[in-house]
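Examining the three-dimensional arrangement
Spelled out, the chains give:
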4 protein chains.
Amino acid sequence: MDKILKEIPQEVRNRAQKIKAILFDVDGVLTDGSIIYTNSGDEIKAFNVKDGQIISHLKRLDFVVGAITGRESALVERRCQELKLDYCFQGAKDKFQIVQDIAAERGLKLDEVAYIGDDIIDLRVIKNVGLGAAPADALSYVKDEAHFITKKSGGNGVLRELGDMILAQQGKLKQIIEDHT
Amino acid sequence: MDKILKEIPQEVRNRAQKIKAILFDVDGVLTDGSIIYTNSGDEIKAFNVKDGQIISHLKRLDFVVGAITGRESALVERRCQELKLDYCFQGAKDKFQIVQDIAAERGLKLDEVAYIGDDIIDLRVIKNVGLGAAPADALSYVKDEAHFITKKSGGNGVLRELGDMILAQQGKLKQIIEDHT
Amino acid sequence: MDKILKEIPQEVRNRAQKIKAILFDVDGVLTDGSIIYTNSGDEIKAFNVKDGQIISHLKRLDFVVGAITGRESALVERRCQELKLDYCFQGAKDKFQIVQDIAAERGLKLDEVAYIGDDIIDLRVIKNVGLGAAPADALSYVKDEAHFITKKSGGNGVLRELGDMILAQQGKLKQIIEDHT
Amino acid sequence: MDKILKEIPQEVRNRAQKIKAILFDVDGVLTDGSIIYTNSGDEIKAFNVKDGQIISHLKRLDFVVGAITGRESALVERRCQELKLDYCFQGAKDKFQIVQDIAAERGLKLDEVAYIGDDIIDLRVIKNVGLGAAPADALSYVKDEAHFITKKSGGNGVLRELGDMILAQQGKLKQIIEDHT
């Protein structure tokens, strides 16, 4: 997994070194941004199994993990519960306030928080946390503010990519892999 | 967001400068063109969250926004209502007539209207409005008539790309981003 | 639409010139090959709006159009009816026999029939009709037998690409486009 | 189908020559890794028709075929039954133990078993069977342990690619194709 870090600039690695909480947007990050409706009134959302797998490793290592989304649906709540997230904020109007509240509650400084989002509503958080990230297919003016841009697009495992990078930098990924080999 | 305009030809920027209404096709534009059925008789459609976000900004800035589609389904109506579109025409036979009617009702000239579509039925509108656009994956003979071809394919945020370009050209995107940073 | 023909070899154009019937596989051709199930026992399939549009033009020009699939589901029947296909064979064991029967019923020679398929079960038809085609993402040993390989992958409008090419070669596409411009 | 083998290293071909059982992960292998929920509590999974087709050929040639997944859902059971798989293990905690049990039950040595998986939980199996494979979009540290990396990504026919390669190497693919041409 050293290859993971090889292409990461030292300044981003320094930021990753301090992270104790990973927070994330849902649509366009955990998903590819598709808003899927059925004619009978149901809604559908596609998450990624690789994002889910990293959450379980992060939780075992005592990272704080949480989703913050401006939209609302029962299936996001279901995915949050399945992943046993520490936080699952839906209908968020001011994401930066929520991030500050979580940090305060956990006794974390903002530079111990990583956040990944893809749209205008995420800008303030991305700019002000320790490690602000955006998926490859985020809007250009969002990526301009991010410290780290994932190679993958939303829904294709961007949280996994961010989490793997942080765990690799903190020397924790090697152990996970060795335990399974 | 100046990068957004850098690659846009001046002639397209001149067209974008005048736009006061943005109208659009649904299948192949707001979606990737998938017609999705279930065995039990339901229908599914996947929209894009980034297209939805730009609509709210466009409405706050008093742009007229509307969907015009040749097909019909309850879920398009639902998406139209969620986005609070000014117009939501389904089962359209003559799209150019509808565009002319909307322009007349709003007191707009055709060169103040932008439209994005991807198939033969959209050709007359694309050719006759102020800014006729087509997604990257539209048919070649449709793209031949368009003033502006988005980099993205249908369903991946082509309305966002068109809207961002128009707002950037009119000097309105900068303000939106600054309000959120 | 002359660009459509520019890259087509003359031998393929000669084959396209004679076509009066266009028959096609469903999974991997009209769709991307996804077999989609729900936990509650339903099935889902995603077709492409651009394929549907070309069918209506082909029917108005008196082409015979039909689907032949080895699988079975109510939603394929629904799509066949929506597109008003002349034939909709499901659960097909011997596709070449079905193609021969259709040709006989319509008084067509095999070299007046085009067919597009993507797997082993389609090989005999592809090899023996006038214009045998395969999508870009068909198996290599299927593409080896095809006269024409579409640029697009299954589900992304391969029937449209095949139909547009045939109509362009027969001088009929120009008229359709002019009627809509 | 000789082209299939042309790019395969001799060492991988030697491994493929011995294979009598093909076992595989589900999410990220048979599917693209999407975990799809509906708001009403249903779950959806998209398999690939090309993977299904190769299973029927493998079974007719007396290969042992089976799925081993860490997750659980009724629709995986449905797909297993449709494909008439010999094994369908869900909720697996220790995949390598399951693979060893299957081998013992069938009187197979581990080097007669092929396995394809894409995540940490698959590492031990990939490393210890005769032919350990991973999809193109598997995690880099998983691909590092695989003998064979498919060109395709999960859900796009990686089992087909693996199966075709094994059948080609064992001289059995040619016969299947000739029977259908």
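Above this text you will find the structure in question.
Residues numbered from 1 in each chain as written. Chains lettered and ligands numbered in written order. Predicted model: local features only at pLDDT ≥ 70, side-chain atom pairs only at ≥ 80, totals over all residues. Heavy atoms only, no water.

1. Topic: the overall build of chain A
This is how the line gets drawn: Only runs of H or I of at least four residues qualify as helices and only runs of E of at least two qualify as strands under DSSP, and these elements are numbered from the N terminus. In this setup the radius of gyration rests on C-alpha atoms only. A globule is expected at 2.2 Å times the number of residues raised to 0.38. Burial classes: relative accessible area under 20% of the type maximum marks a residue as buried, over 50% as exposed, and values in between as partly exposed (1.4 Å probe, protein chains only). A contact between two residues is defined here by any heavy atoms of the two lying within 4.5 Å. Residue exposure ignores everything except the shown protein chains as possible cover, and the areas themselves are Shrake-Rupley values with a 1.4 Å probe. His is not counted here, nor are the chain ends, while Lys and Arg score as positive and Asp and Glu score as negative. Lysine's charge is taken at NZ, arginine's at CZ, aspartate's at CG and glutamate's at CD.
Along its length, chain A carries nine helices and eight strands. Compactness check: chain A gives a C-alpha radius of gyration of 15 Å against a globular reference of 16 Å for 181 residues, within 12% of the reference. Across its three principal axes, chain A shows a C-alpha extent of roughly 50 × 35 × 30 Å. Relative to its 181 residues, chain A shows a buried fraction of 59%. Expressed as a percentage of contacts within chain A between residues at least 6 apart in sequence, the contacts between residues at least 24 apart total 56%. Surface summary for chain A: the accessible area is close to 7,000 Å², and the carbon and sulfur share equals 45%. Each charge class in chain A can be summarised by its mean position, and for the 26 positive and 29 negative side chains these summaries are 5 Å apart.

2. Quick notes on the relation of the copies chain A and chain D
Rule in force here: When the copies are superposed, the least-squares fit takes in the C-alpha atoms of residues with a pLDDT of at least 70 in both.
Under the fitted operation, chain A is carried onto chain D by 0.0 Å of movement along the axis and a turn of 90°, and the coordinates agree to an RMSD of 0.0 Å. Expressed as an axis order, the relation between the two copies is that of a four-fold axis. Using C-alpha coordinates, one finds that chain A approaches the rotation axis most closely at A:Ile44, a distance of 6.3 Å. When you check the interface residues of chain A against chain D, a mere 10% turn up at the interface there too, and the two sides of the contact use different surfaces.

3. Regarding the sheet that holds strand β8 (residues 148-149) of chain B
Threshold: Any two strands with at least two DSSP-identified bridges between them are counted as paired.
In spatial order, the strands read β5-β4-β1-β6-β7-β8 (chain B); together these six strands make up an open sheet with parallel pairing. Each of the sheet's edge strands pairs with one partner strand only, and the pair in question is β5 (87-89) and β8 of chain B.

4. A few points about the interface of chain A and chain D
Selection criterion: Two parts placed together each lose some accessible area under a 1.4 Å probe, and the buried area is that loss summed for both. For this document, the term salt bridge refers to a Lys or Arg side-chain nitrogen within 4 Å of an Asp or Glu carboxyl oxygen. Pairs of N or O atoms are called polar contacts if they sit within 3.5 Å, as long as, within protein, a hydrogen donor faces a hydrogen acceptor (for residues adjacent in sequence, only side-chain-to-side-chain pairs).
Across the boundary between the two partners, chain A contributes 29 residues, which contact 29 residues of chain D. With both chains or domains summed, chain A and chain D bury close to 2,400 Å², and 52% of this area falls on carbon and sulfur atoms. The largest per-residue losses of area from chain A upon contact with chain D belong to A:Lys50, A:Arg78 and A:Thr181, which jointly make up 25% of the total buried on that side. Close ionic contact of D:Asp144 with A:Lys3 constitutes a salt bridge, the shortest N to O distance being 2.7 Å. At the surface where chain A touches chain D, the tally comes to 21 residue pairs in polar contact (both at pLDDT 80 or more). Those elements that place two or more of their residues in the side of chain A that touches chain D are α1 (2-6), β3 (43-48), α3 (49-60), α4 (74-82), α8 (158-169) and α9 (173-179) of chain A. Top contributing element to the side of chain A that touches chain D by residue count: β3(A), with six residues.

5. What to know about the state of the cysteines
All names here are of chain C. The criterion, for reference: Disulfides are defined as cysteine sulfur pairs within 2.5 Å.
Under the counting rule described, the total for this entry stands at four disulfides over all chains. Disulfide pairing places Cys80 opposite Cys88 at an S-S distance of 2.2 Å. The sign of the S-S torsion, about 70°, decides the handedness of the disulfide formed by Cys80 and Cys88: right-handed. A residue is classified by how much of its surface remains accessible, and Cys80, at 6% relative accessible area, is buried. Among the residues examined, Cys88 registers a relative accessible area of 23% and is labelled partly exposed.

6. Some thoughts on the pairing of strand β7 (residues 131-134) of chain D
To be explicit about the condition: The handedness rule is simple: strands pointing away from the viewer, and a clockwise path from the first strand over the helix to the second, make the crossover right-handed.
Alternating residues of β7(D) divide into D:Leu131 and D:Ala133 and D:Gly132 and D:Ala134, and every residue in both groups is buried. Handedness of the crossover is the feature at issue here: the chain leaves strand β6 (residues 113-116) of chain D, passes through helix α6 (residues 123-128) of chain D, returns alongside β7(D), and the resulting connection is right-handed.

7. Some details on helix α3 (residues 49-60) of chain B
All names here are of chain B. Applicable threshold: For a helix, the expected span equals 1.5 Å multiplied by the number of residues minus one.
Its 12 residues place the ends of α3 17 Å apart at the C-alpha level, agreeing with the 16 Å of an ideal helix rising 1.5 Å per residue. All buried positions along α3 are accounted for by Val49, Lys50, Asp51, Gly52, Ile54, Ile55, His57 and Leu58. Sitting at the amino-terminal end of α3 is Asn48, which places a side-chain oxygen 2.7 Å from the backbone nitrogen of Lys50. Of the residues flanking the end of α3, it is Asp62, one or two places downstream, whose phi is positive at about 70°.

8. A look at the relation of the copies chain B and chain A
If you rotate chain B by 90° and push it 0.0 Å along the axis, it lands on chain A with an RMSD of 0.0 Å. A share of only 10% of the interface residues of chain B reappears at the interface of chain A, consistent with the copies meeting through non-equivalent patches.

9. Regarding the interface of chain B and chain A
Under the convention used in this document: Under the grouping applied here, Gly and all other residues not named as nonpolar or charged are polar, the nonpolar ones being Ala, Val, Leu, Ile, Met, Phe, Trp, Tyr, Cys and Pro and the charged ones Asp, Glu, Lys and Arg.
Listed per partner, the contact involves 29 residues of chain B and 28 residues of chain A. With both chains or domains summed, chain B and chain A bury close to 2,400 Å², and 53% of this area falls on carbon and sulfur atoms. Contact with chain A buries area across many residues of chain B, yet B:Lys50, B:Arg78 and B:Thr181 alone supply 25% of it, more than any other trio. Linking chain B with chain A are four salt bridges. Between the two partners, chain B and chain A, sit 21 residue pairs in polar contact (both at pLDDT 80 or more). Looking at the side of chain B that touches chain A, the elements that each hand over two or more residues are α1 (2-6), β3 (43-48), α3, α4 (74-82), α8 (158-169) and α9 (173-179) of chain B. Residue classes in the side of chain B that touches chain A are distributed as 11 nonpolar, six polar and 12 charged.

10. With respect to the pattern of salt bridges
All names here are of chain D. Going through the model one piece at a time under the given rule, you end up with 72 salt bridges over all chains. Of the charged contacts in the structure, one is a salt bridge between Arg160 and Asp164, with a shortest N-O distance of 3.3 Å. Taken together, the positions of Arg160 and Asp164, both in helix α8 (residues 158-169) and four residues apart, correspond to about one turn of that helix.

11. Describing the sheet that holds strand β8 (residues 148-149) of chain D
All names here are of chain D. Reading across from one edge, β5-β4-β1-β6-β7-β8 is the order of the six strands in this open sheet, with parallel pairing throughout. For this open sheet the edge positions go to β5 (87-89) and β8, each flanked by a neighbour on one side alone. Strand direction decides the pairing type here: strand β1 (residues 21-24) and strand β4 (residues 64-68), joined by four bridges, are parallel. Paired with Ala21 across the bridge in β4 is Val64.

12. What to know about the packing of aromatic side chains
Two numbers describe a pair of aromatic rings. These are the distance of the centres and the angle of the planes. The condition that has to hold: Side-chain rings of Phe, Tyr and Trp, where Trp is taken by its six-membered ring, are said to pair if the distance between their centres is within 6.5 Å; with planes under 30 degrees apart they count as stacked, over 60 as edge-to-face, and otherwise as tilted. Lysine NZ or arginine CZ positioned within 6 Å of the ring centre and within 35 degrees of the ring normal marks a charge as sitting over the ring.
Scanning the model with the defined rule gives eight aromatic pairs over all chains in all. When the centroid spacing of 6.3 Å and the interplanar angle of 55° are considered together, the rings of B:Tyr37 and C:Phe47 count as tilted. Pair noted here: B:Tyr37 is in strand β2 (residues 34-38) and C:Phe47 is in strand β3 (residues 43-48), and the two residues belong to different chains. Of the two residues examined, B:Tyr37 and C:Phe47, each falls in the buried class. Lying across the ring of D:Tyr37, A:Arg78 places its NZ or CZ 3.8 Å from the centre.

13. Looking at the environment of A:Glu145
Examined against the element boundaries, A:Glu145 turns out to sit in the loop between α7 (140-143) and β8 (148-149). In this structure, the C-alpha to C-alpha distance between A:Glu145 and A:Asn128, residues 17 residues apart in sequence, is 9.7 Å. For A:Glu145, the contacting residues outside a window of four places in its chain are A:Leu123, A:Ile126, A:Lys127 and B:Thr181.

14. Some words on unusual backbone geometry
Not every positive phi belongs to a glycine, and A:Asp62 is a case in point at roughly 65°. With respect to the helices and strands, A:Asp62 occurs in the loop between α3 and β4 (64-68).

15. Things to note about the side chain of C:Asp118
Tracing the backbone shows C:Asp118 in the loop between β6 (113-116) and α6 (123-128). Within the local environment of C:Asp118, its side chain forms a polar contact with the side chain of D:Lys50, the two groups lying 2.9 Å apart. When near neighbours in sequence (up to four residues on either side) are disregarded, C:Asp118 contacts C:Asp25, C:Asp27, C:Gly28, C:Val29, C:Pro135, C:Ala138, C:Leu139, C:Val142 and D:Lys50.

16. Looking at the packing of helix α2 (residues 10-17) of chain A against α8(A)
Residues and elements named next belong to chain A. The criterion, for reference: Lines fitted to C-alpha atoms define the axes here, with helix axes fitted over just the stretch in contact, and angles between the N-to-C directions of these axes take values from 0 to 180 degrees. For classification purposes, angles smaller than 35 degrees are called roughly parallel, those larger than 145 roughly antiparallel, those between 65 and 115 roughly perpendicular, and all remaining angles oblique.
Contact geometry of α2 with α8 gives a least axis separation of 9 Å together with a crossing angle of 85°. Classified by the angle between their axes, α2 and α8 sit roughly perpendicular to one another. Judged by residue contacts, Val12, Arg13, Ala16 and Gln17 of α2 engage Met165, Ile166 and Gln169 from α8. For the contact of α2 with α8, the residue count by class is four nonpolar, two polar and one charged.

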